[in-house]
Each structure stands twice: as structure tokens, then as C-alpha cells.
Amino acid sequence: MTDFAADLLGAPLPELMARASARRDAAFGRTVSYSRKVFIPLTQLCRDVCHYCTFAHSPRAGQPAFLAPEQVLAIARAGAEAGCTEALFTLGDKPELRYRAAREALAALGHDSTIGYLAAMCAAVFKETGLLAHVNPGVMTRADIAVLRSVSISQGVMLESTSARLCEPGGVHYGSPDKRPERRLETIRLAGELAVPFTTGILIGIGETRAERIDALMAIAALHAAHGHIQEVIVQNFRAKPGTKMAGAAEPDLDDLLWSIAVARLILPDDVHVQAPPNLSPGVYPRLLAAGIDDWGGVSPVTPDHVNPEAPWPAIAALAEGSAAAGKVLVPRLAVYPAFAFAADRWLVPSLAGAVRRGIDSDGFAREDDWAPGRAVAPVLAAPRLAAADPALVRAVERAAGGTRLDEAAIVALFAARDADYAHVTGAADALRRAVSGDTVRYVVNRNINYTNICYYHCKFCAFSKGRTHEALRGTPYDLDLEEIVRRAVEAWDRGATEVCLQGGIHPDYTGATYLAICRAIKQALPGMHVHAFSPLEVTQGAATLGISVPAFLAQLKDAGLGTLPGTAAEILDDAVRKVIAPDKIMTRQWLDVVQAAHRLGLRTTATIMYGHVERPESWARHLLALRDAQAETGGFTEFVPLPFVHMEAPMYLRGLARKGPTFREAVLMHAVARLVLHPLIPNIQTSWVKMGPEGVAVCLAAGANDLGGTLMNESISRAAGTEHGQEFPPEAMEALIRGIGRAPAQRSTLYGGVGNERRARSFGAAELAPVVQTKPRKVVAVG
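Calculation notes
- As a convention, each chain's residues are numbered from 1 in the sequence order in which they are written.
- The predicted nature of this model means local features are confined to residues of pLDDT at least 70 and side-chain atom pairs, given and counted, to a pLDDT of 80 or more, with totals for whole chains, interfaces and linings taken over all residues.
- Where side-chain values are given, they derive from all heavy atoms of the structure, hydrogens and water being excluded.
- Orientation is described by axes fitted as lines to C-alpha atoms, over the contacting stretch for helices, and by angles from 0 to 180 degrees between their N-to-C directions.
- Numbering of helices and strands runs from the N terminus; a helix is a DSSP stretch of H or I covering at least four residues, while a strand is a stretch of E covering at least two.
- Left-handed is the label given to a crossing in which the near helix is rotated counterclockwise from the far helix by less than a right angle, and right-handed is the label when the rotation is clockwise.
- The contact definition used throughout considers only heavy atoms, calling two residues in contact when any of these lie within 4.5 Å.
- Three classes are used: nonpolar for Ala, Val, Leu, Ile, Met, Phe, Trp, Tyr, Cys and Pro, charged for Asp, Glu, Lys and Arg, and polar for all others, with Gly counted as polar.
- One bridge is not enough; two strands pair if DSSP finds at least two bridges between them.
- To sort the angles, those under 35 degrees are grouped as roughly parallel, those over 145 as roughly antiparallel, those from 65 to 115 as roughly perpendicular, and the leftovers as oblique.
- Confidence scores labelled pLDDT are given residue by residue by the predictor and lie between 0 and 100.
- Residues belong to one nonpolar core when they are buried, are Ala, Val, Leu, Ile, Met, Phe, Trp, Tyr or Cys, and are joined through side-chain atoms within 4.5 Å.
- Note on classification: 1.4 Å probe, protein chains only; a residue is buried when its accessible area is under 20% of the maximum for its type, exposed when over 50%, partly exposed between these limits.
- Stacked, tilted and edge-to-face are the three classes assigned to paired rings of Phe, Tyr and Trp, where Trp is represented by its six-membered ring and a pair needs centres within 6.5 Å; plane angles under 30 degrees give stacked, over 60 edge-to-face, the rest tilted.
- Counting as a charge over the ring demands two things of the Lys NZ or Arg CZ atom: a distance within 6 Å of the ring centre and an angle within 35 degrees of the ring normal.
- Taken from the helix axis, the directions to the C-beta atoms give the arc we talk about.
- Throughout this description, a polar contact denotes any pair of N or O atoms lying within 3.5 Å of each other; where both atoms belong to protein, one of them has to be capable of donating a hydrogen while the other can accept it, and for residues adjacent in sequence the pair is counted only when both atoms sit in side chains.

**Some remarks on the packing of helix α24 (residues 617-634) against helix α26 (residues 664-677)**
Moving on, step 1. Taken N-terminus to C-terminus, the directions of α24 and α26 make an angle of 35°; their axes are 11 Å apart at the nearest point. Relative to α26, α24 is oriented so that their crossing is right-handed. Across from W620, L624 and R628 in α24, the residues of α26 making contact are E666, M670, V673, A674 and V677.
Moving on, step 2. Tallied by class, residues from the contact of α24 with α26 come to 6 nonpolar, no polar and 2 charged.

The following block contains the structure:
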């Protein structure tokens, strides 16, 4: 026996639990997860005869050996309607090797093995309902595991024990060939070689000793060390069941279960989750959490626990309350844990990897509602259950509100805020907003003019740009005549606008002279119109085509009438992400160099972030810090504008490579955290009605934002990506929304100055826009 094992066996239970819970907290913080599942008992026939089991039985007259496909799909549909994400297939171990009835039933279903039928049902459930399969078919061969890997996102087999004694006469596993420890360990090993996210566990109280439990946990840890594939270990307590050989056996008491949980947490590495089934220990959830678990396993709102039918699942609300009583936030997950979801290309086949990405948030947990940027779906946020925010988070918020520059780790912690932590972050951001800008919400009457959608870049998030490789996306290629650009600007002026915002694709025929001509034409027609135009990408391209430096080109644009620049094309200021989503675009340093060159010339810019696709909160933190540091140096950002990723028509989402944009919680937090992190250097935080929708921006305005952006008149880029929130938000609607949340509306200029009475009067009751003319390309453009 090792000294470590001796220490575990001899240490007092309170000491073990304290050590285990501290280690759990260091690894997983305040979250405890669960999977919302539906339980599908494909067959209860099994060739093994475990002495404690009531799930498995021999063939019975009048009862089918397997669930029929229609029955499987009916269960799965009920689960999908109830919001489940996991289809748990649990079944007996290869019954066809023991029972003719099983062989005949499989033949009638068109299969020669239970594994083959299981694989077919996993595929059918995914196709019909979108539920992702987790399979527990017992001992498997390499071929079995490989077949199931193509249709499931995780697999599992309970090791139960490494004690060979239990397989000898009189032991609980006598007569059960698949319970030989070496066979089960080999299945776990093969799963590791085949890169399968895997679940295993121990069953306590079946005749094993505590030393043998330690041996089993160390065997699991060794297999994980070799392959990195064990995502969770279940510590399950034996329950005596009538009609079994162990009906009269003593069950392990609570202290024995707590000891086993604590020891599992201390033996297993931090990236392996420890789980205890909540239905087997009702009423003691805080005690189980105190012993070190960080996951409750699968909980079904639809189906019973067929393995333990005497133990009903807890209501999810009750589980959340029990978790909150121990200071934990209950968070749903998929059948794969976050670390595996983020490495989906390694662990899952492409079709399932894409489904996992569509189902997760930025922390890798399951999305909790149907809201997504651009969709007309009402946002939902549950009321906090925790009594107070985390003290470390409170201290970080205080430092930020005091103007201190936070480090990356502290910012990531703010973005992870849930429940009471979320309420604290958003509340503090709103208080800071009130202190900085009062209760006035400002907006600008403007018009978006996207002069061309032809672009020779291949950004994977963009549904706006056109070219030979983009014809399947919305709309057709266009390249506006200068006359149409000016017409739209004049029409905007007549409707009370003070600004035109001009951006477009990077047309291969455009040069710096094109951008200069656009500015001159608008200023000649409308000397009083503010020209807010050209992202750092367009500036870089324009300078290059003229063979001059970026500062020199910016000076020419300023002379031609450019007033400010939009800080778009920023996407995520983290080159590791940029190389994925826009590998041919300018990188972070180039983007910052352009905006800071503009600032030094007296041209102010906005700053943006486009988030919720492939990146994670670490990248959000780097982005905010890059903006803060740039502002500290050159001071030219007027506002920060979070732009949540609109996924519906985005190429990388359609290819299964991106998430569905940020969740509503994440989107609100982006505004709140930005208010805190950028304070006091960037005073204005804008929220996008195009992407957040009216209900969403109302929440953001109570979470740090103070600006509603522009009325736009025409909005093409987000609309091409699939947004459902329209093209114009006129002043009447803007001010009604602002007054509806108890705030005071005010029109502003681009530079946050006031707007004269004449402009304001013209902006109300404006005439309908004339139909736009999307000028066809003047020549065939070979792009893509």
C-alpha cells in the first residue's frame, strides 16, 4: 500500500471532505453541472446475472426483447419537447450471446448484433430530434466502440470494482463474465485509444473494501493519464432491491458515500469530473457537494431511472435549490463536458462536433434557451438563487469601478458570472454608468450606406460579401454608383440625419481614390453631413493601392471630408482567433496601428467586438485590454460597441464550425464587463438594437450601456446574416423605448455633441424611404 493510500484510509472524514471540496472549488468554482436527459432502455436482456440488479432480466413471454424503433423515437421526441439534450441509451450486455429470443428479435429488426441496432437507433434519434446520444452497452470491442463513436458523443461502462474476488463463487459478479475487471479496464483503454469521451465509475457497498475502491480509482486515473479521455467518474452507492440476491444486504451509509466521493476527488486529476446520482441520496445534496462532487449526472424530466426505479429523479428546480444551499450554481451541460466540447474536432466525428458547437455557450455548458442575436425571441434570465456574490468577484468589480486595470484572469471571471454573481456584475456596471453618464440615453440619426457587397476576402463569419464563392448566400452582388451613394445621403439629410456611415466589401477594383471620391461627393452635396466611414481594413487597402502610408492616406481622407472612422473589422483582437475566422485579414497589431494613427491625426473612431462564434472569454478579455491600452495611449475611441455574432446565415455556422452567437447572459455581460474594464477611459458603451432586439437593448441599458447607436435607415450586413429586427429604428421608437425604462432620450452627434432643433424636428415623422437602387457590378469581377 502506498503512503497516499494509507493517508486516505486513515484521515478523518471531515479533513478529507475539506481537502476534496477545496480542490473541487479550485478546479470548477461555483458551478455544479447536470445533463438534461431522456433514458432509453433499448433492451433489458443481458447475459450477465449481477446479484444486485433488477434492470436486467431473462426473456419474458409477451414482452418484446428490444424497444421497437417507433418506441425509441417516441421517447426521444418527448425528451426533445421537454428540453433535453442527451439521449441516454442503457441496455443489457450482448444478450444475443445468451438468448435465442434476443437473436431472433435482432434478426427481425434487420440487425445481427445489439451494438448494430444501438448504432442505428442513435443515428435515428439524432436525425429525428437532434438529441445527442450517450451509450452504456457494457463491455465492447474496438470495433464496437468505433461503430458507436460515429453516432454518439460519449460512451461509458461502470468499472464498479477492480476486485476479482467479487467474480468468484459467492461474489456479486459470479456468473457475469462481463464484470471481470480486466475486461472492463480493457474497454476503457480501447475507448481512450479511439478518442472517445468516456464515463466510468465505482459502485460502493457490493462487498469490496475501501482499499479496493482506492485501487479502482487509481486504475481509472492511470488510464486517463495515458489517454485523457475520462470525462467523469460516478461514485454510486448500492441500493438493496427486493427480488435480488442482495435484497437483505446492508447499504453503505452516508459517511461511507461521503468518504468515497472525497477520495475520488483527491485521487483523480482535476480535469476528471466527480459525480454522485442525486436520486440515490435525496435530502443531502449539500453534504454530497461538501464531499467534492461537481456534477449531478443525468437528470430526466421525462423518464424514470430504469436501473433504480424506486428512486425518482429530483425536480431540476429542487436540485438547483439544493445546490444553491451549498453555494453552488446549477448549470446544464451536454453529454460531453466543456473541455471535450471545445476540442470537438479531436473527440467527435464532424457532424456531431457541429451539433455540439451549436449547443454550447462560451464556457462549454449547454445553452439554456432559444435566444440568439438577431432572432425575435424573448430573452429569459432566471432569478438568482444564491444569497450573495463571490467575494473575489466583488473585489474585482470594486477595483474596476475604481479605474484599476484588471488582468486577464479577473476579466474572464467576470464573464463567467452567473446567478448572484451576474446580478452583482450587471448591477455594479449600471451604477457606474449612472455615475459616468447619468440617466440620459443617447442615439444618433444616421443612415448606413453599404456601397458594395463584392469582396475578395473570405471571412468565415460573413454572409454579406459576394463573389463567385458566395452566390448561395442572400442577395446578389452590387456596386453602388456614386450618384446613388449621394442620393441616399441627401435623402437621409432630408429625414433629419446628421451622419452617414459608409462601409462595404473590399472590392478588387477599388483603390484609395475610390474612398476619397466618396467622401468628396458627399461633402460637396451636403457640407453639414458628418461622414463616418471606412474600417481599418478599408484604410489599409486604400493606402496600399496608392502606394502611401496609412497615416498619409488618413490625412488625405480627412482633407476630403472624413469625420470619423468606424472601429469595425476588429472582430476579436486575438490573432489566434483571427487566423481561424479571417486568416487573410489584417491582424491585431495592424488594426490597432490604423486606429491609433487616426487618433493622432485628430480622427476619432469607435471600437467594436464581434463575439460568440469560435472564441472563448479569454479572447474577450484580451480584446478589452487591447482597447483599454490603446485608449490610454492615444485617447481617440468615442464608444465601445459590442456586436454579437448573428449566426443564421454565417458560413462558418452553416458548416458546423461556430456557436450560435453568445447566449443572452453572455451578451448582457459583454456590455457590463466592458463598462467596468474600460472605465474610466472609454465613457460610452453602445448596445445594438439590430442584434439585441428591443427587449435585449432594454436589459443592456440597465447593465452598463448608455447609448443606443444609430437609427440606421438601411441595415444590410446583419440582415444578410439573418437578423429579424428590421432595418430602421426611428426616433419615435427609440425615445419610446428609452422612456419606457425610465430614462431620458437625447439625440446626439457622432462625436457626442448636441443636435440642433432643426435636425431633431426633421427626424420625427420622416417620409418613407424611396426604394434603393442596388447598382449591378459594372464588370465581371473574378474573385473567390
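Next, the rest of the story.
**Focus on the pairing of strand β14 (residues 562-565)**
Moving on, step 1. Here 2 bridges tie strand β13 (residues 530-533) to β14, and the two strands are oriented parallel to one another. Paired with V531 across the two strands is L562, which belongs to β14.
Moving on, step 2. When β14 meets strand β15 (residues 604-611), the two strands line up parallel, connected through 2 bridges. Each residue of the ladder has a partner; that of T564, found in β15, is R604.

**A few points about the environment of G403**
Moving on, step 1. Locating G403 in the fold gives a position in the loop between α15 (391-401) and α16 (408-415).
Moving on, step 2. With 273 residues separating them along the chain, G403 and L676 place their C-alpha atoms 8.1 Å apart.
Moving on, step 3. Not counting chain neighbours up to four residues away, the residues in contact with G403 comprise R628, H679 and P680.

**Considering the packing of helix α17 (residues 420-437) against α26**
Moving on, step 1. Where α17 contacts α26, the axes come no closer than 9 Å and their chain directions differ by 45°. One way to sum up the angle between α17 and α26 is to call them oblique. Considering the relative orientation of α17 and α26, their crossing is left-handed. Facing Y422, V425, T426, A428, A429, L432, R433 and V436 of α17, the residues of α26 in contact are R665, V668, L669, A672, V673, R675 and L676.
Moving on, step 2. Classifying every residue of the contact of α17 with α26 gives 11 nonpolar, 1 polar and 3 charged.

**What about the confidence of the model for the protein?**
Moving on, step 1. Taken as a whole, the protein shows an average pLDDT of 94; of its residues, 96% reach a score of 70 or greater.
Moving on, step 2. Contacts of residues 468-474 to residues separated by more than four positions or lying in other chains number 18 contacts, the stretch itself having pLDDT below 50.
Moving on, step 3. Every residue in residues 780-784 scores below 50 in pLDDT, and together they form 12 contacts with partners more than four places removed in sequence or on other chains.

**Regarding the sheet that holds strand β10 (residues 440-444)**
Adjacent strands of a sheet pair through backbone hydrogen bonds, lying either parallel or antiparallel.
Moving on, step 1. The 3 strands lie next to each other as β17-β10-β18, forming an open sheet whose pairing is parallel. Both outer strands of the open sheet, β17 (707-710) and β18 (744-747), are each paired with one neighbouring strand and no more. Each adjacent strand pair in this sheet contributes to an overall mean axis angle of 20°, direction not counted.
Moving on, step 2. Across 4 bridges, the pairing between β10 and β18 is parallel. Residue R442 lies in a different strand from β18, and its bridge partner there is A746.

**Quick look at the nonpolar core**
One broad trend across soluble globular proteins is that nonpolar side chains are buried collectively.
Moving on, step 1. In terms of nonpolar packing, the biggest core is built from 120 residues, with V425, L502, F534, L557, W591 and F640 touching the most fellow members.
Moving on, step 2. Leaving out residues up to four positions away in the same chain, L502 has contacts with I449, Y451, I485, I518, I522, V531, H532, A533 and F534.
Moving on, step 3. One finds M17, F89, V272 and V299 within the second-largest nonpolar core, a separate group that totals 86 residues.

**Some thoughts on the packing of aromatic side chains**
Moving on, step 1. Using the criterion set out here, one finds 13 aromatic pairs in the structure.
Moving on, step 2. Their ring planes at 75° and their centres at 6.0 Å tell us that Y510 and Y515 sit as a pair that is edge-to-face. Comparing Y510 with Y515, the two get one shared label, buried.
Moving on, step 3. When the centroid spacing of 6.4 Å and the interplanar angle of 20° are considered together, the rings of W591 and F637 count as stacked. Here F637 lies in strand β16 (residues 637-644) and W591 lies in helix α23 (residues 588-600), a separation of 46 residues in the sequence. Neither W591 nor F637 differs from the other in exposure class; each is buried.
Moving on, step 4. The rings of Y451, Y510, Y515 and F534 are connected pair by pair, giving a single aromatic cluster.
Moving on, step 5. Positioned above the aromatic ring of W259 is the side chain of R210, whose terminal nitrogen or guanidinium carbon lies 4.3 Å from the ring centre.
Moving on, step 6. We note R616 situated over the ring of F342; from NZ or CZ to the ring centre the distance is 3.7 Å.

**What to know about helix α21 (residues 550-560)**
Moving on, step 1. Every buried residue belonging to α21 is among V550, F553, L554, L557 and A560, and all of these are buried. Buried residues in α21, looked at end-on, bunch into an arc of 120°, giving them a common side.
Moving on, step 2. N-capping of α21 is provided by S549, with a side-chain oxygen placed 3.1 Å from the backbone N of A552.
Moving on, step 3. Of the residues flanking the end of α21, it is G561, one or two places downstream, whose phi is positive at about 120°.

**Quick notes on the sheet that holds strand β12 (residues 499-503)**
Moving on, step 1. An order of β11-β12-β13-β14-β15-β16 is seen for the 6 strands of this open sheet, with the pairing classed as parallel. Of all the strands in the sheet, the pair left with one neighbour each is β11 (446-450) and β16. The average undirected angle you get between the axes of adjacent strands in this sheet is 25°.
Moving on, step 2. Against the sheet, α24 touches β15 and β16, its axis set at about 170° to β16.

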